[in-house]
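Report on the structure
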Amino acid sequence: MRFDTTVRKTNEDEETFLQNLLADMTLEDKIGQMSQMEINMLMQDDPDSNNNNNNTTTKKKRLDWDKANLYIGTMGIGSVLNAVGGSPNHGAQPWSSADYRQWSIQLQQIAKDHGRPPVIWGLDSVHGANYLRDATWTPSPLNLAATFNRTQAALAGQWASQDTRAAGIHWLFSPLLGLAWVSSFARVYETFGEDPYLVGLMATAMIQGIERIDDSNNKNNATSSSVVPNRAAACAKHFIGYPMPRTGHDRAPSWIPTRHLYQYFVRPWQKVLNETNVKTIMESYTETDGVPNVANPQHLRYLLRYRLQFKGVLVTDYNEINNLNDWHHIVKHTGDSVEPSTVHALKEGTVDMSMIPYTVDGFVQATANAVRTNQLDESRIHESARRVLRLKMQLGMFDADQQMTMDNGGSTTQEEPQALQMARDSLILTKTTSSLLPLRADAQGLQVLVTGPTANSRIYQTGGWTVAWQGPNDEKESFTTGSTVYQALLNRVGEGLFQNVIFRCGTDILGEECSDDNEDTTNPTDDGGNRRKMGFFDQLSGIGSDIKDGISDIGDDIGDGIDDVGKWISGDGGSDSDKNNEETSIQRAVDAAKDMDLVLICVGEEAYAEKPGDIRSLYLPFGQLQLVQQMRENYPTKPLILVYFGGRPRLLDIAPALVDAVVLAFLPGPHGGEAVADLLSGHYSPSGRLPITYPAATDGGGVPYLHTISDQCTTGTGPLPHYTYAPCPVEWSFGHGLSYVDFVYSNFQVSGNLETGITVRVEVANTGTMEAAETVMVFTFDEFRSTTPEYKRLRAVEKIWIQPKESKLVTLDIPSEEFKFVGPHDDHHYILDPTISFWVVIGANTDCRTDPSDVLCVRVEPPANGSHEMPLPACQAACDLWMNDASHSCGPQFGLSSFQDCLSMCQASSSEPVSYASVGTEGWGWNYVNCLESVLWGFQQEPPVTAEADCAKMTRLCRDVFATEKLNEFGLGQGVVKFQSSGTSSLGSSQPPPLLPPPPPPSLQQGGDGPPSSTRPSAAIITFALLSGLVGAVFIVMAMSGVPFRLPRKARSGQSDEEELAFSSVEMFTVTHPNGNGISASTGGREGQGGDSTSLSFGILPSDASDLLRRIEYRKRQEFTSVPTTIRS
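A brief look at the structure comes next. (Residues numbered from 1 in each chain as written. Predicted model: local features only at pLDDT ≥ 70, side-chain atom pairs only at ≥ 80, totals over all residues. Heavy atoms only, no water.)

**A look at the environment of Tyr 306**
So the rule is basically this: Strands here are runs of E lasting at least two residues and helices are runs of H or I lasting at least four, both read from the DSSP assignment and numbered beginning at the N terminus. Any two residues whose heavy atoms approach within 4.5 Å are treated as being in contact.
Among the secondary structure elements, Tyr 306 is positioned in helix 10 (residues 297-307). Between the C-alpha atoms of Tyr 306 and Glu 933, which are 627 residues apart in sequence, the distance is 8.4 Å. Setting aside residues up to four positions removed in sequence, Tyr 306 forms contacts with Arg 301, Leu 881, Glu 933, Leu 936, Trp 937 and Gln 940.

In structure tokens:
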């Protein structure tokens, strides 16, 4: 391909531009746009600036022009990803935005020189532009969720976008829409928590912030930055069900029933796709029900493209197409060819771009060969390339005024004061005595000991995806802003509250010996300088020193890392000094606390990301917990405050019971130390609330909070068995969090109903002496439901700011859509049941199941007059498709004038009394709904023929409900088989059904009685002839074998089961041809009721195939009833 792709002409039509662009592309050019490669394949060490630097992780980098010209220029690869680094373990140097911008400009220049479209660069900006040295690093998404403030999420997205764009990068791989239901999962901190509503709320706000267009010409736009590019694309990830591995290990299979997938995991995606124009989505590593997501047609085609109507770019996760062979083992490669996995993924799924970091050549070759050997159609490649090019066009990458230079990059945000406020808002105070916090001091001030492995580390405050994939290795080299907890308190000495602040390390992050000499904590490394991670035995806790002797001898038998097991179990931190009776680091901390007024103990976990962050136990290292235990044993009355830093809720065991206050900080970022110091000092009232359930045990009981009501534990501490059942206890519940002021709720009112939506009004008063923020949460408790209800469910939330002694009226509207759930007869459609009773509740700690008399519980009953009976859900879904589908509203083509007409017609099909055979029937049924969806999905893939011809498919490819009125999905009911006239849309005509396509209804006809038979498709005629012959052959075989046949009939009132099995009458049908030849059959009735034994006669089929059967009619003798069966043409 060789043409000018750098600039789109002013006012040039987008479609015309794309069409011309694609017309000039070869097959390989299009595949190149579908390919994304690792940026570090195109980088090399810069020899001009590294003469005296032997550290491979900090050497200055530059573009390798030969490789860049090969991949970008010659091959036309359209996308790169990742941070620029160099170490084998994905380490990266915190380059500045100017460094990245220079490399990005060079890539675009190479593409331009070769006549290629611009290259789009994707980067994991998870908590701000976390790979850029001069960017604002915000708290983790889990911390943002703890603020329950969507404005904070939008700001975080906006800053990440501006800083990433200042680096010349258009694409942010953020945010993550998964639900944190597995506490040990290594990516909990990347989520917005465990609740579908909260995740959708915060993700929507962040995407709006990321994709917000900067308008430098708008003087009223205070956040305008004059950055080119002036817009970026968010990438919602990971579709779908990723954070639900059965084992808790990253990339392990997700165990999610389909009903739960739609009930909970799809919900955030619905909100995001309804309320934003998110441009890209990333599928996930995981597999669900044995099918990897990258090649799952149910997820990527039916759910994402059809049900959710996503039109943008779908990118794979890292190397996921090749993982069909390497990881999932569902296809087998032959030699070096990746063609089997490539073909399988592109056929089964709908991905547009393959993230193939180091084997991009193989993907391009395999895809091209698959097209040339007719394994793939080129239209599949064309469509994906079109989506990628449209994305680049939407981002202005072809526009002249968006061409990057080093002078139009603007500046990074450097919003450090606001980032500090985000950190403050995200801290959760879960426990305190009334007299301890906020801290108070006499005239001399407080003397404070700060101890624990996370007390003096910004690394552990910030976590993974910072500087490098697994987080920074070196504190001093990685951070330019913020402070540790110890540094923040030390800086306050002399200000009145603190007289003296000292530090003792206590233990390192693995619970082992540490040195008090370190000013900053760094990640532990092994002898080779590589990051040490916690092993299995490092993670065990609370097992007691009494089993030390039984374990300490097994180290040599089971591998490295076990030799020291006896050391940490005994709690001495594993120091050789203990063997010589020297003081351990825990003892040094205990001794230092002797003359202190209080002790601040900071515990937590190391930095990690993704699979390398897997753990086998949720417990903290035993050494950390022993630090807390020994402090309490030595000082029974001294105030102890516990602060936890980490990316997931590690079990704190007995620590919360031993301390006077607990602060959950999770990963607040570099400014976390200052935020903790401000909270303790009373500079603000804490307002963070738990966005997850904090577990108390390893069994996962009580997690998530919206578990089903039937998920209960046994209670009791004595010997088994226990016979008392109750909800499983947790450490702290979802939504829990304390404040320094009291909030009083009053005048709680609820109005509306499930069909129209619910409105909640409540007054909130701040009775304290300081201004504070309060999170108003509305939950519902379903009393009974056709599928087991959740214990409770968050429905609405609003965060408000209240001055002392002030009251505010809060009004929250909950639309009826929020109350829909997946019913019992189908596992992937939503229903609304207005007949259920439920409670509407204010507050995370209000429980209407245990105390329904609470004033913050309002019970909502269905109308007493029964006017809100539940319409059949399958009928609602089917009529939505007939009447309301965006692309085709086919109902009027068949005489349906309104949704209610359609609903009435469908519900009439369920008049048959419920019997064993018809249990669960819902009108036309869910199988019918699924069929309609398939047909309508087909409408969207091809240009429409005519409305009449397309709509005809709905009665030809699916059941013809107009010809089988009042029959349910099992063919049962009081209805009769009817046929639609070839010249009219009326029902019940004796004329034969028309062949495809059917005529339009009278309102659309231009006159005449419909198309002549000579215009009917010959394929349909031949098909009908073959079916007729098959029917005749069946009858002949039955007659020769002596097998009687019976046509079903409706049982008369009062018949017994035995009587129903036998016919009480003789029924006959005759098929008559125009030439007089016919087929007739009669069935004998019961003795005494007349009728002959079974007799059959078959006519000869006419030789002229165009003169087919003209009429099928039923003739009754004696007490015949209409045959309730469907006869299809």
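From this point, the narrative continues.
**Examining the layout of surface pockets**
Over the atoms rolls a probe the size of a water molecule, and in doing so it shows where empty space is left. Test applied: Two kinds of site are reported from a 1 Å grid over the protein atoms alone, namely cavities, where a 1.4 Å probe fits but cannot get out, and pockets, open sets with protein on both sides within 12 Å along at least five of seven lines, and residues are called lining when an atom falls within 4 Å of a point. Grid points are joined across faces, edges and corners, and a volume is the space filled by probe spheres set on the points. In the scheme used here, Gly and all other residues not listed as nonpolar or charged are polar, with Ala, Val, Leu, Ile, Met, Phe, Trp, Tyr, Cys and Pro taken as nonpolar and Asp, Glu, Lys and Arg as charged.
For the largest pocket, the calculated volume is near 1,400 Å³. Lining the largest pocket are 46 residues, with Gln 270, Asn 274, Glu 817, Lys 820 and Tyr 830 positioned closest to its centre. Counting only elements with at least two residues in the lining of the largest pocket, the list comes to helix 7 (196-210), helix 9 (267-275), helix 10, strand 24 (793-802), strand 25 (807-814), strand 27 (830-831), helix 27 (873-883) and helix 29 (926-941). Across the lining of the largest pocket, the residue classes tally to 21 nonpolar, nine polar and 16 charged.

**Quick look at the packing of aromatic side chains**
Stated formally: Paired rings are identified among Phe, Tyr and Trp, the last through its six-membered ring, by centres lying within 6.5 Å, and are further divided according to the angle between planes into stacked (under 30 degrees), edge-to-face (over 60) and tilted (the rest). Burial classes follow relative accessibility: with a 1.4 Å probe on protein chains only, a residue under 20% of its type's maximum area counts as buried, one over 50% as exposed, and anything between as partly exposed.
Overall, the coordinates contain 28 aromatic pairs when judged by the stated rule. For the pair Phe 148 and Phe 734, a centre-to-centre distance of 6.0 Å together with 70° between the ring planes defines the contact as edge-to-face. In this pair, Phe 148 sits in the loop between helix 5 (141-147) and helix 6 (150-166) while Phe 734 sits in the loop between strand 20 (724-727) and strand 21 (743-753), placing the two residues 586 residues apart along the sequence. Of the residues examined, Phe 148 reaches a relative accessible area of 2% and is grouped as buried. Judged by relative accessible area, which is 1%, Phe 734 ranks as buried. With a centroid separation of 6.2 Å and 65° between ring planes, the pair formed by Tyr 242 and Tyr 285 is classed as edge-to-face. Placement of the pair is Tyr 242 in the loop between strand 7 (233-239) and helix 8 (258-265) and Tyr 285 in the loop between strand 8 (280-283) and strand 9 (287-288), with a sequence separation of 43 residues. Taking the relative accessible area as the measure of exposure, Tyr 285 reaches 6% and is therefore buried. Members of the aromatic cluster, each reached through a chain of ring pairs, are Trp 95, Tyr 100, Trp 103 and Trp 121.

**Describing the sheet that holds strand 21**
Put simply, the test is: Strand pairing is assigned whenever DSSP identifies at least 2 bridges connecting the two strands. Angles run from 0 to 180 degrees between N-to-C directions of axes, and those axes are lines fitted to C-alpha atoms, restricted for helices to the stretch in contact.
Strand order in the open sheet formed by three strands is 21-22-25, with antiparallel pairing between adjacent strands. Looking along the sheet, the strands with just one partner apiece sit at the ends: strand 21 and strand 25. Taken pair by pair, the neighbouring strands of this sheet meet at an average axis angle of 15°, ignoring direction. Pairing geometry for strand 22 (residues 757-766) and strand 25, over eight bridges, is antiparallel. Considered in strand 25, the bridge of Thr 759 is made with Asp 813.

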